[in-house]
Amino acid sequence: MDVRLASSALPSQKGLRHGTFSSCACCAPPFAAARPARRNFLAGGLAALGLRTAGMPARAQAPAVKTRIDVHHHYVSPAQGEAMAKHGGQAPKWTLQASLADMEKAGVTTAVLSLPPPGVWFGDVAEGRALARASNEYGAKLRSDNPGRFGLFAAIPLPDTEGSLREIAYALDELKADGIGLYTSYGDKYLGDEAFVPVFEELSRRKAVVYTHPVNPACCTHLADGVGPSSIEFATDTTRTIASLIFGKAGTAFRAPNVQFIWSHSGGTLPFLIGRFIREQVVRRDPRMPDGVEPVVRKYFYEIAQGNEPGQLAALLKMVPVSQLMFGSDFPYREAAAAAEGLAAYPFDQAQRVAIDRETALKLLPRLA
């Protein structure tokens, strides 16, 4: 069953509680007409940053050979599409054929599937558990039916702790999922909330990979007149949830140290706010961070979907080494070719490009080999 629903209305977490849905700026289709102007902007931006543009690979020079691994690639299960429609929203337009075509165009050999927000949680425990199971089994079938083309970040029904623990076991042990897909917030709770500690302790015990995608947060959906909440709040919600893990009372980052987080969109606004995080630790003097907050954020991984403009990459690379970067597209909201073009326009050397495109993902997700 193909899900062909309009892409203009993903639910916000606030909307879930009130039966309404907010539009999502990240869901807009790529703007092909704007690309020539964007190339000029990128060249000017790099010059302004003091980076060499001479000899830089042209944007059209994305690799012809399929070598990339895309860790930010959405699919829509029939169960999720039906649930979103039932609750007054619309899933993004998606088909298997569209996924494969986009991958082919951008040289992506394998894409790791994850559900688009809001995932499987609509406020009902039984529904959330059933949706997680049905979606994970559908994703696993896509993987088995298309050998070598897909991995899977399985859904769990947070904030249902018991159901989430059961689905972690099923997804990782039975379906052999490559990791777990989470969202930055669930209603008014961020990932560092005390209620989620049992889930993260289990994920840490398993040394699981956790891919995390932002949502329209319950707190902040109508703050900037004329600007869709995801234009600002998606990136900011990623930063909020990282802060909750590191600075929250539960101390989840330290109670569950073996969780291998992948953060979307080059870490959202974290690279631009890291100085404030550093200052926060100076004031707190938390003994769990004797060397400051920077070593904590450096061990996380960051994928570059919608985070591949030169200023974004430059800021991110001041915070973490290239070894923590991974390729991501945000399909079907963005084309993988757009992320490939962003990488091609930045002066990485060949070894760095290979690491971002593939090698780091293989180290973290060895089944994809």
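Structure: see above.
The following refers to the structure shown. (Residues numbered from 1 in each chain as written. Predicted model: local features only at pLDDT ≥ 70, side-chain atom pairs only at ≥ 80, totals over all residues. Heavy atoms only, no water.)

**Structural notes on the overall build of the protein**
Here is the rule: Note on conventions: DSSP H or I runs of at least 4 residues are helices, E runs of at least 2 residues are strands, and numbering of each starts at the N terminus. Only protein chains enter the accessibility calculation, which uses a 1.4 Å probe; a residue whose area is less than 20% of its type maximum is buried, one above 50% is exposed, and one in between is partly exposed. In what follows, a contact means two residues having at least one pair of non-hydrogen atoms within 4.5 Å.
Check the secondary structure of the protein and you find 14 helices and 10 strands. When the 369 residues of the protein are sorted by exposure, 57% land in the buried category. Look at the contacts in the protein between residues 6 or more apart in sequence, and 78% of them connect residues 24 or more apart.

**So, the sheet that holds strand β4 (residues 179–183)**
Rules: When DSSP finds at least two bridges between two strands, those strands are taken to pair. Think of each axis as a best-fit line through the C-alpha atoms, taken over the contacting stretch in the case of a helix, with angles from 0 to 180 degrees between the N-to-C directions.
Pairing is parallel across the open sheet formed by 8 strands, whose spatial order is β1-β2-β3-β4-β7-β8-β9-β10. Where the open sheet ends on each side, the last strands, each with one partner, are β1 (68–74) and β10 (325–326). For strand β7 (residues 209–213) and strand β8 (residues 260–263), the ladder comprises 4 bridges, and the chain directions are parallel. The residue of β8 that forms the bridge with Val210 is Phe261. Where helix α4 (residues 96–106) meets the sheet, its contacts fall on β1, β2 (108–114) and β3 (150–155), and the angle it forms with β2 comes to roughly 140°.

**Observations regarding helix α3 (residues 78–86)**
Residues Pro78, Gln80, Gly81, Ala83 and Met84 constitute the buried set of α3. Residues of α3 that are buried make contact with α5 (125–145). Gly88 occupies a position one or two residues after α3 and carries a positive phi of about 90°.

**Description of the side chain of Glu202**
Rules: Think of a polar contact as two N or O atoms within 3.5 Å of one another; within protein, one of them needs to be a possible hydrogen donor and the other a possible acceptor, and neighboring residues in sequence only count if both atoms come from side chains.
Tracing the sequence through the fold places Glu202 in helix α7 (residues 197–205). Only 2.8 Å separates the side chain of Glu202 from the side chain of Arg206, close enough to count as a polar contact. Apart from the residues lying within four places of it in its own chain, the contact partners of Glu202 are Leu165 and Ile168.

**Describing empty space enclosed by the protein**
The test is simple: Note on definitions: the grid is 1 Å and covers protein atoms alone; a cavity is a set of points where a 1.4 Å probe fits but cannot get out; a pocket is an open set with protein on both sides within 12 Å along at least five of seven lines; lining residues have an atom within 4 Å of a point. Grid points are joined across faces, edges and corners, and a volume is the space filled by probe spheres set on the points. Classes in brief: Ala, Val, Leu, Ile, Met, Phe, Trp, Tyr, Cys and Pro nonpolar; Asp, Glu, Lys and Arg charged; the others, Gly included, polar.
Following the criterion strictly, the structure yields 2 cavities of 30 Å³ or more and no others. Size it by volume and the largest cavity reaches roughly 50 Å³. In this structure, the largest cavity is lined by Ser114, Leu115, Phe153, Ala154, Ala155, Gly181, Leu182, Tyr183, Tyr211 and His213. Listing elements by their share of the lining of the largest cavity, those giving two or more residues are β3, β4 and β7. Split by residue class, the lining of the largest cavity holds 7 nonpolar, 3 polar and no charged. Counted as a void, the second largest cavity has a volume near 40 Å³. By residue class, the composition of the lining of the second largest cavity is 8 nonpolar, 2 polar and no charged.

Read these as spatial facts, not as claims about activity.
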